[in-house]
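# Analysis of the macromolecular model
In case you want the letters, here they are:
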Amino acid sequence: MYKDLENKVAVVTGGSKGIGTAISERFGKEHMSVVVNYHSDEDGAKKAAEIVEKNGGKAVTIQANVSTEEGNQALIDAAVDNFGDLDVWVNNAGMEIKSPTHELSLDDWQKVISVDQTGVFLGCKTAIAYFEKHNKQGNIINMSSVHEQIPWPTFASYTTAKGGVKMFTKTIAMEYAKDGIRVNGIGPGAINTPINAKKFADKEQYDQTVSMVPMNRIGKPEEVAAGAAWLASSESSYVTGITLFIDGGMTLYPAFKDGQG
Ligand code: NAD
């Protein structure tokens, strides 16, 4: 536990499942107050909120689309109206669409960019406007991916969005460092969440993914949440503009693992 996180107020987007739920629950263990955002899965968000409270924190759930300004306004309003402040904002919501690039529709391209990239921009803009207005040394965490670095054919919209999130994070980390606002990214590798449920249900695809991880296993959402708690806490007080890869070594060029090449 990080003592300084106690009673801090966090917004977690896409909190109704997967990594967003794990981060919300971990923030509960840190005795934080959490705005658990969901897009369509109200039950998932409610369950996450119950666990936040069981873990010793406070929680409210709120429906909002992160790719809209109104959605982000609703999130900051929920933080201030329910808990009186904002300290930590986690842009976690994300989606992916698989398609050969020459067959990818403009509509699908824009769907992914609007959540994974524009959603991060709007979340950061909303949080920073609040921090600046209230002279707060707030903290932002943007959920990127190993695919901000590793190309992924048939997922060009996703890799483009995550590559953009990487430079956006670095740029605003630099822009607001003078005000004590820290902005960092997390780059998960292959994590066991609903986004991967179909793929991991297929043994061949599961084994193939594991073979790309030097640590030889799929990661747990809680392992990503542990990184988020550290980045949110003052234990990382001199860290800004990084991507913290939580990937079992996936970004280490695993094809070279037996000394080939
Ligand atoms: P998930 O599909 O389990 O959860 C994604 C969440 O985002 C869901 O709750 C969904 O409702 C929400 N969401 C999608 N569009 C939204 C919108 N417009 N407004 C609000 N919420 C919206 O996926 P996950 O694995 O938990 O992924 C969380 C984040 O981690 C994503 O940004 C994803 O790209 C990233 N990530 C995941 C992995 C992995 O292996 N699971 C790896 C790298 C990066």
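For the structure, check the block above.
Residues numbered from 1 in each chain as written. Predicted model: local features only at pLDDT ≥ 70, side-chain atom pairs only at ≥ 80, totals over all residues. Heavy atoms only, no water.

## Things to note about the pattern of salt bridges
The following threshold applies: Any carboxyl oxygen of Asp or Glu that lies within 4 Å of a side-chain nitrogen of Lys or Arg is treated as forming a salt bridge with it. To qualify as a helix, a DSSP run of H or I must reach at least 4 residues; to qualify as a strand, a run of E must reach at least 2; elements of each kind are numbered from the N terminus. Note on exposure labels: buried denotes an accessible area under 20% of the residue type's maximum, exposed denotes more than 50%, and partly exposed covers the range between, all computed with a 1.4 Å probe on protein chains only.
Under the counting rule described, the total for this entry stands at ten salt bridges. For Lys46, the salt bridge is made with Glu42, and the minimal N-O distance between the two is 2.8 Å. With a gap of four residues between them, Lys46 and Glu42 both fall in helix H2 (residues 42-54), about one helical turn apart. Given a relative accessible area of 41%, Lys46 falls into the partly exposed group. For Glu42, a relative accessible area of 35% translates into the label partly exposed.

## Side note on the packing of aromatic side chains
Defined as follows: A pair of Phe, Tyr and Trp rings is counted when the ring centres sit within 6.5 Å of each other, with Trp represented by its six-membered ring. The angle between the planes then sorts it: under 30 degrees is stacked, over 60 is edge-to-face, the rest tilted.
Using the criterion set out here, one finds five aromatic pairs in the structure. Note on Trp152 and Phe155: the rings are 3.7 Å apart at their centroids and 15° apart in plane angle, and the pair reads as stacked. Exposure remark for Phe155: the relative accessible area of 8% places this residue in the buried category. Aromatic side chains Trp152 and Tyr158 sit 5.8 Å apart centroid to centroid with 70° between the ring planes, which places their arrangement in the edge-to-face category.

## Points about the environment of Ala127
Note the threshold: Contact definition: two residues touch when any of their heavy atoms are within 4.5 Å.
Counting through the fold element by element, Ala127 comes out in helix H4 (residues 106-133). A residue is classified by how much of its surface remains accessible, and Ala127, at 0% relative accessible area, is buried. Each C-alpha atom of the pair Ala127 and Phe245 lies 23 Å from the other, and the pair is 118 residues apart in sequence. Beyond its immediate chain neighbours, meaning those up to four positions away, Ala127 contacts Leu86, Trp89 and Ile140.

## Considerations on the site of the ligand
Let me state the cut-off plainly: Whether a residue is near a molecule or strand depends on its heavy atoms: if one lies within 4 Å, it is near. Here a polar contact means two N or O atoms within 3.5 Å. Within protein one must be a hydrogen donor candidate and the other an acceptor candidate, and residues neighboring in sequence count only if both atoms are side-chain atoms. Here the accessible surface of atoms and residues is derived via Shrake-Rupley with a 1.4 Å probe, and residues count as covered only by protein chains that are part of the display. Throughout, the ten residues Ala, Val, Leu, Ile, Met, Phe, Trp, Tyr, Cys and Pro are labelled nonpolar, Asp, Glu, Lys and Arg are labelled charged, and all others, Gly among them, are labelled polar.
Taken together, 27 residues sit near the ligand, with Ile19, Asn65, Asn92, Tyr158 and Thr193 positioned nearest. The backbone of Val66 places a nitrogen or oxygen atom 3.0 Å from a nitrogen atom of the ligand. Backbone polar atom of Gly94 to an oxygen atom of the ligand: 3.3 Å apart, as the coordinates give it. For the ligand, whose unbound accessible area comes to 820 Å², protein coverage reaches 93%. Elements represented by at least two residues in the shell around the ligand include exactly helix H1 (18-29) and helix H5 (156-176). Classifying every residue of the shell around the ligand gives twelve nonpolar, 13 polar and two charged.

## Describing the layout of surface pockets
Short version of the rule: In this analysis the probe radius is 1.4 Å and the grid spacing 1 Å, with only protein atoms considered; a cavity is a set of points the probe fits into but cannot get out of, a pocket is an open set with protein on both sides within 12 Å along at least five of seven lines, and lining residues have an atom within 4 Å of a point. Grid points are joined across faces, edges and corners, and a volume is the space filled by probe spheres set on the points.
Quantified by volume, the second largest pocket comes out at close to 290 Å³. Lining the second largest pocket are 19 residues; nearest its centre among them are Gln137, Gly138, Asn139, Gly180 and Arg182. Across the lining of the second largest pocket, the residue classes break down as six nonpolar, eight polar and five charged.

## Some thoughts on unusual backbone geometry
In the Ramachandran plot, Asn216 falls in the positive-phi region, its phi being about 65° despite a non-glycine side chain. Within the secondary structure, Asn216 sits in the loop between helix H7 (203-210) and helix H8 (221-232). Even without glycine at this site, Tyr253 takes up a positive phi of about 55°. Tracing the sequence through the fold places Tyr253 in the segment after strand S7 (243-246). On the basis of relative accessible area, Tyr253 is assigned to the exposed category, the value being 59%.

## Overview of the sheet that holds strand S4 (residues 88-91)
Whenever strands of a sheet pair, they do so through backbone hydrogen bonds, lying parallel or antiparallel. Rules: Paired strands, as defined in this entry, are two strands with at least two bridges between them according to DSSP. In this analysis, axes come from line fits to C-alpha atoms, helices being fitted only over the stretch in contact, and the angle between any two N-to-C directions falls in the range 0 to 180 degrees.
Taken together, the seven strands give an open sheet; going across it, the order is S3-S2-S1-S4-S5-S6-S7, and neighbouring strands pair in parallel fashion. With one partner strand each, in any of the chains shown, strand S3 (58-63) and S7 form the two edges of the open sheet. Each neighbouring strand pair of the sheet contributes to a mean axis angle of 20°, computed without reference to strand direction. Relative to S7, strand S6 (residues 182-188) runs parallel, the two being bridged by four bridges. Of the residues in S7, the one forming a bridge with Gly185 is Thr243. The sheet strands contacting H2 are strand S2 (33-38) and S3, and the helix crosses S3 at an angle near 170°. Against the sheet, H8 engages S4, strand S5 (139-143), S6 and S7, with an angle of about 165° to S6.

## Considering the nonpolar core
Stated precisely, the cut-off is as follows: In these notes, a set of buried Ala, Val, Leu, Ile, Met, Phe, Trp, Tyr and Cys residues joined through side-chain atoms within 4.5 Å is what counts as a nonpolar core.
With 31 residues, the main nonpolar core has Ile23, Phe27 and Ile186 as its most contacted residues. Sorting the residues of this core by element identifies strand S1 (9-12), H1, S2, H2, S4, S5 and H8 as the ones contributing at least two each. The element that contributes the greatest number of residues to this core is H8, accounting for six residues. For Phe27, the residues in contact, after removing those within four places along its chain, are Ala10, Val12, Met32, Val34, Val88, Val90, Ala228, Ala229 and Ala232.

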